[in-house]
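Here is how the chains run, residue by residue.
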Amino acid sequence: MIRPRSKLRRGELTPDQKEAERNRVYARAGGMCELRGEDGLPLDKGHWPGVIPKDGDDPWNHGHLVHLHSKRPAFWSEAQGNVLLWGCPACHLIGCHQRGLKPVVPQ
Ligand SMILES: [Zn+2]
């Protein structure tokens, strides 16, 4: 569920466009966390194995659309030049945001 904002930021997708991008990345990933380090292992030991629910009220209980580059300069979608991956809560929130780890892009 994506909460609508009153005004879009520069280059920001509409809520429908964001939902489409989210669905596309989720389907491409098969709903599984794609966040891995150089060693091929998940970014966090709390990694969620298997298919992660796409949506939910609690961010610790659903998957995340992960932007590899920050959204202001690199924008919101892959069509605009960003790189997006599907991530589980632990790898995204702890691995990327708390520990500052950068996932490798799957080939
Ligand atoms: Zn993970």
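Refer to the preceding data block for the structure.
Here is a short report on the structure shown in this document. (Residues numbered from 1 in each chain as written. Predicted model: local features only at pLDDT ≥ 70, side-chain atom pairs only at ≥ 80, totals over all residues.)

1. Notes on the overall build of the chain
Check the secondary structure of the chain and you find 3 helices and 2 strands. Order of helices (α) and strands (β) in the chain, N terminus to C terminus: α-β-α-β-α. Along the first, second and third principal axes, the C-alpha set of the chain runs to 40 × 30 × 25 Å. Per-residue burial for the chain yields a buried fraction of 25% across its 107 residues. (Helix = DSSP H or I, 4+ residues; strand = E, 2+ residues; numbered from the N terminus. Buried ≥ 20, exposed ≤ 12 C-beta atoms within 10 Å, placed from the backbone.)

2. Digging into the pairing of strand β2 (residues 84-87)
If a strand is regular, its side chains alternate between the two faces of the sheet. Residues Leu84 and Trp86 of β2 are buried on one face, and the alternating residues Leu85 and Gly87, pointing to the opposite face, are buried as well. Strand direction decides the pairing type here: strand β1 (residues 64-67) and β2, joined by 4 bridges, are antiparallel. From the neighbouring strand, leucine 65 faces β2, where its bridge partner is tryptophan 86. (Pairing = 2+ DSSP bridges.)

3. A short note on helix α3 (residues 89-98)
Within α3, burial applies to Pro89, Cys91, His92, Gly95 and Cys96. Tucked inside the fold, the buried residues of α3 contact β1 and β2. Positive phi shows up at glycine 100, right after α3, with a value of about 70 degrees. (Contact = placed C-beta atoms within 7 Å.)

4. Side note on the nonpolar core
Cys33, Leu35, Val66, Leu85, Trp86 and Cys91 are the most contacted members of the largest nonpolar core, which totals 14 residues. Of all elements in the fold, only β1, β2 and α3 reach the threshold of two or more residues within this core. Here this core takes 3 residues from β2, the largest share from any one element. (Core = buried A, V, L, I, M, F, W, Y, C linked by C-beta atoms within 7 Å.)

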